[in-house]
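Coordinates in review
Next come the chains, spelled out residue by residue.
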There are 2 protein chains.
Amino acid sequence: MAAVACSSSSSSTRDQQKEITESASETLTSTISTGNEARLACRNKSLTTVTSGLAPGYLQANLIILPSRYASDFRLLCARNPVPCPLIAESSAPGAYDQLRSYIPGSAVAADLDLRHDAPRYMVYRDARVARSHVLDVAAEWTPDHVAFLVGCSYSFESALAAHALPPRHAVLGRNVAMYRTAVPLCPAGVFTGGTYVVSMRPYPLRDVDRVREITRAYNATHGEPLDWGWDTLARLGIASIDEVQWGDAPLAADGETPLGALFGSEDEVPVFWGCGVTPQEAVVKAGDKIQGTVMAHAPGHMLLLDSRDEDVVKSSYD
Amino acid sequence: MAAVACSSSSSSTRDQQKEITESASETLTSTISTGNEARLACRNKSLTTVTSGLAPGYLQANLIILPSRYASDFRLLCARNPVPCPLIAESSAPGAYDQLRSYIPGSAVAADLDLRHDAPRYMVYRDARVARSHVLDVAAEWTPDHVAFLVGCSYSFESALAAHALPPRHAVLGRNVAMYRTAVPLCPAGVFTGGTYVVSMRPYPLRDVDRVREITRAYNATHGEPLDWGWDTLARLGIASIDEVQWGDAPLAADGETPLGALFGSEDEVPVFWGCGVTPQEAVVKAGDKIQGTVMAHAPGHMLLLDSRDEDVVKSSYD
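Residues numbered from 1 in each chain as written. Chains lettered and ligands numbered in written order. Predicted model: local features only at pLDDT ≥ 70, side-chain atom pairs only at ≥ 80, totals over all residues. Heavy atoms only, no water.

The name that an unreviewed UniProt entry assigns to chain A is DUF1445 domain-containing protein, with the source organism given as Pestalotiopsis fici. What the UniProt record of chain A gives under Sequence similarities (unreviewed entry) is the line "Belongs to the D-glutamate cyclase family." (UniProt positions renumbered as here; feature names shortened; annotations may be inferred.)

Right under this line is the structure:
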């Protein structure tokens, strides 16, 4: 499944990402069946590609690594905005790249770990601006002052939708999910002000929306049920056009050719929006000159794979 | 301090509430110095008035009591929207009116408790519409199927602001805090769809906003730091006029006479908005015909007093 809801590939980096994707070794990735195998393959530089569809059933995570002085504000940002920013783990202490404090009850998240090497590719920001793009590791940038945060990703519920005969359109067509900036404000936290929700969109028949809501509701640690649905949602969220995405691929009708916007108003295809894992990275960038120093993150689509399984996050926080 | 941020008195019920307020016995309330004393006074029907300023230092809570079939959806609504809907406790089991499951680490919330009697006055809804208003108890309505939820209230941080020489304007003037509906969507949860944030507003000089944010940030279980601030916020939140409140009293300048809107654009007085405890009640009403049966709540301003102290909620969730 071409699940990329956690990717934050902008139009400008998409070509570069595609090039990297196309260089993926199918032989290699077919031998990786667990999160731990994926991390080891990143560590020895044999896995350097996007991770969608890799090691099915294992959680994948967005990664953001901040100077420790911003850690409590970022933690609070996630706590105040748990739908777009579901925090699943963080460094056990400042500087810890090999040990996590898990927020998934009963799951250690990742035992054999080196956060400087274990994502396939990384982004490096200085003073909230991109300084290095798609590098293979961040060993040179990591300091004893850095704190890593792992944020949930929607791969889990996409698999669940597919398992219930409701596969996301973009996956069926082998495209990236459509992602949009919105005007919906995040609740600010310390230095993190001015942020807004980023949303991902998957079209479904209106008659299936209740079922889609039910299936994804349980995945609270990976964005949970949709934020909104229906064609009138565009105005509510402040999205100018369903055909103009900010990340990912523009959405298409079932024929794989017609732009989804041509069906505006149809009940056979309504846009359904979820909180998106791009939101935390946007929040870091939006904080602008309030964020000084080196910030690291996974490169778009190049997620950190975990030992936790999809089922570990189902309703874990609200039982 | 006339802190009433948790009040949900609409214009239509304000006269009734004022009448009830004016009948308060000052002799009685001056003898109540703890949350437990307040609950006992409600239980024997000697305390029947609004609770602002009562038993300083003790937490006060919004109360919503739902048929058990809506409990998990409401719990999820709070989990997905923790800033306007900070859940601090709930019935230990369906039907339990005398025992709570606390979400405040290390605090039992309220030991000697009867949720059918211990708020001064109650609202009763049938099929999401008001059926009884300002009744003294809900003993006749409570069933073994009902689950009570306690939601945090901003009294705590108002006391903290006053203690730091930044008393809220409405408290200084002896008025109710200004509250507004916004266009900012709640993250929906099950039957709770279509809700939007309700916000409370306290004006401060722009130069004091950072300090105000710092002081209130720690009170994460009672709405925490502001959602937004400044005059351009009105457009972002979808508030037509600062002088047209939906609950509470219209805000005034420091002279106690000039409508705050006359200062539009001034940096000496900017509106600062917080998540408001009216939000959960609004969410119940907005759910409309998806909520069948009997729902109960405290009457606006007639809060449930707890054994927990203000300091118990400071950063309790994020240490």
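Structure shown, so let's carry the discussion forward.
1. Regarding the overall build of chain A
The helix and strand inventory of chain A stands at nine helices and twelve strands. Counting all 319 residues of chain A, 62% fall into the buried class. The long-range fraction of contacts in chain A, counting pairs at least 24 apart against all pairs at least 6 apart in sequence, stands at 76%. For chain A, the exposed area adds up to about 11,400 Å²; of that, 49% sits on carbon and sulfur atoms. (Helix = DSSP H or I, 4+ residues; strand = E, 2+ residues; numbered from the N terminus. Buried < 20%, exposed > 50% of the residue type's maximum accessible area, 1.4 Å probe, protein only. Contact = heavy atoms within 4.5 Å. Areas by Shrake-Rupley, 256 points an atom, 1.4 Å probe, with all protein chains shown as cover.)

2. As for the pairing of strand β5 (residues 129-135) of chain B
All names here are of chain B. Note: strand β4 (residues 122-126) against β5, five bridges, orientation antiparallel. By the bridge assignment, Y125 is partnered in β5 with V130. Remark: two residues form the turn of the hairpin made by β4 and β5, two consecutive strands paired antiparallel; D127 in that turn has positive phi of roughly 50 degrees. (Pairing = 2+ DSSP bridges.)

3. Side note on the sheet that holds strand β8 (residues 196-204) of chain B
All names here are of chain B. Taken in spatial order, the four strands make up an open sheet running β7-β8-β10-β9, and their pairing is antiparallel. Of all strands in the sheet, those bounded by a partner on one side alone are β7 (178-185) and β9 (228-229). Sheet analysis places β8 next to strand β10 (residues 270-275), joined by six bridges and oriented antiparallel. Looking across to β10, one finds that S200 is bridged to W274. Strands in contact with helix α7 (residues 209-217) are β8, β9 and β10; relative to β10, the strand with the most contacts, it is inclined by about 15 degrees. (Axes fitted to C-alpha atoms, helices over the stretch in contact; angles between N-to-C directions.)

4. Section: the relation of the copies chain A and chain B
Relating one copy of the chain to the other requires a rotation about an axis plus a shift along that axis. Rotating chain A by 180 degrees and moving it 0.0 Å along the rotation axis overlays it on chain B with an RMSD of 0.0 Å. Taken together, the rotation angle and the small translation identify this as a two-fold axis. Relative to the rotation axis, the closest C-alpha in chain A is found at A:V184, a distance of 3.2 Å. Both copies present the same face, since 96% of the interface residues in chain A are matched by interface residues at the equivalent positions in chain B. (Least-squares fit on C-alpha atoms with pLDDT ≥ 70 in both.)

5. Structural notes on the domain arrangement of chain A
Residue and element names in this part refer to chain A. According to the domain assignment, chain A contains domain 1 (35-155 + 288-317) and domain 2 (157-275). Taking only C-alpha atoms into account, the centre of domain 1 sits 24 Å from that of domain 2. Across the contact, 24 residues belong to domain 1 and 21 residues belong to domain 2. Carbon and sulfur atoms supply 63% of the area buried between domain 1 and domain 2, which totals about 2,100 Å² over both sides. A per-residue breakdown of the area domain 1 buries against domain 2 is headed by V83, P84 and S154, which together make up 23% of the total. (Domains from an automatic or database assignment. Buried area = accessible area lost by both parts, 1.4 Å probe.)

6. Details of the interface of chain A and chain B
Contacts between chain A and chain B engage 26 residues on the former and 25 residues on the latter. The tally of links between chain A and chain B comes to zero salt bridges. If you look at where chain A meets chain B, you find ten residue pairs in polar contact (both at pLDDT 80 or more). Of all the secondary-structure elements, those providing two or more residues to the side of chain A that touches chain B are α4 (71-80), β7 (178-185) and α7 (209-217) of chain A. Among the elements that take part in the side of chain A that touches chain B, α4(A) stands out by supplying five residues, more than any other. Among the residues making up the side of chain A that touches chain B, the classes are represented as 14 nonpolar, four polar and eight charged. (Salt bridge = Lys/Arg side-chain N within 4 Å of Asp/Glu carboxyl O. Polar contact = N/O pair within 3.5 Å; in protein donor to acceptor, adjacent residues only side chain to side chain. Nonpolar A, V, L, I, M, F, W, Y, C, P; charged D, E, K, R; others polar.)

7. Some thoughts on the environment of B:A162
Topologically, B:A162 is positioned in helix α5 (residues 155-163). Sequence-wise, B:A162 and B:C78 are 84 residues apart; in three dimensions their C-alpha atoms are separated by 28 Å.

8. Here's the deal with unusual backbone geometry
Backbone geometry places A:K45, a non-glycine residue, at a positive phi of 70 degrees. Summarising the element assignment, A:K45 is placed in the loop between α3 (35-43) and β1 (58-67). With a phi angle near 50 degrees, B:D127 is a residue other than glycine that sits in the positive phi range. Counting through the fold element by element, B:D127 comes out in the loop between β4 and β5.

9. So, helix α3 (residues 35-43) of chain B
Residue and element names in this part refer to chain B. Taken together, the buried positions of α3 are occupied by G35, A38, R39, A41 and C42. One face of α3 carries all of its buried residues, which in axial projection span an arc of 160 degrees. Contacts from the buried residues of α3 go to β1 (58-67) and β12 (304-309). Among the residues trailing α3, K45 stands out with phi positive, at a value near 65 degrees. (Arc of directions from axis to C-beta.)

10. Observations regarding the confidence of the model for chain A
All names here are of chain A. In the predicted model, chain A carries a mean pLDDT of 87, and the fraction of residues at 70 or more is 89%. Per-residue pLDDT stays below 50 along residues 1-24; that stretch engages in 75 contacts with residues further than four places along the chain or on separate chains. Across the interface, the model reports ipTM at 0.87; the global pTM reads 0.88. (pLDDT = per-residue confidence, 0-100.)

11. Description of the packing of aromatic side chains
Residues and elements named next belong to chain A. Taken as a whole and assessed by the stated rule, the structure comprises twelve aromatic pairs over all chains. Each ring, one from F157 and one from W274, has its centre 5.2 Å from the other, and the planes form 25 degrees; the classification is stacked. Taken together, the residues F157 in helix α5 (residues 155-163) and W274 in strand β10 (residues 270-275) connect sequence positions 117 residues apart. We note that F157, like W274, is buried. Look at W231 and F264: their rings are 5.0 Å apart centre to centre, the planes differ by 50 degrees, and that puts the pair in the tilted class. Taken together, the positions of W231 in the loop between β9 (228-229) and α8 (233-237) and F264 in the loop between α8 and β10 put the pair 33 residues apart, joining distant regions of the chain. (Phe/Tyr/Trp six-rings, centres within 6.5 Å; stacked < 30°, edge-to-face > 60°.)

12. Remarks on the side chain of A:S200
All names here are of chain A. Assignment of secondary structure puts S200 in strand β8 (residues 196-204). Separated by 2.7 Å, the side chains of S200 and R202 make a polar contact. Residues within four places of S200 in sequence aside, it is in contact with V177, A178, M179, V272, F273, W274, G275 and C276.

13. Some remarks on helix α9 (residues 279-287) of chain B
Of all nine residues in α9(B), seven are buried, a share of seventy percent or more. Phi turns positive one or two residues past the end of α9(B), at B:G288, with a value near 55 degrees.

14. Some remarks on the sheet that holds β7(A)
Residues and elements named next belong to chain A. If you trace the four strands from one edge of the open sheet to the other, you get β7-β8-β10-β9, paired in antiparallel fashion. Edge positions in the sheet fall to β7 and β9, since each has one partner strand and no second. Across two bridges, the pairing between β9 and β10 is antiparallel. Directly across from W229, in β10, lies its bridge partner V272.

15. Looking at the pattern of salt bridges
All names here are of chain B. All chains considered together, the criterion is met by 36 salt bridges over all chains. E158 serves as the salt-bridge partner of R202, at 2.7 Å between the closest nitrogen and oxygen. Taken as a pair, R202 in strand β8 and E158 in helix α5 lie far apart in primary sequence, 44 residues in all. Each of the two residues, R202 as well as E158, counts as buried.

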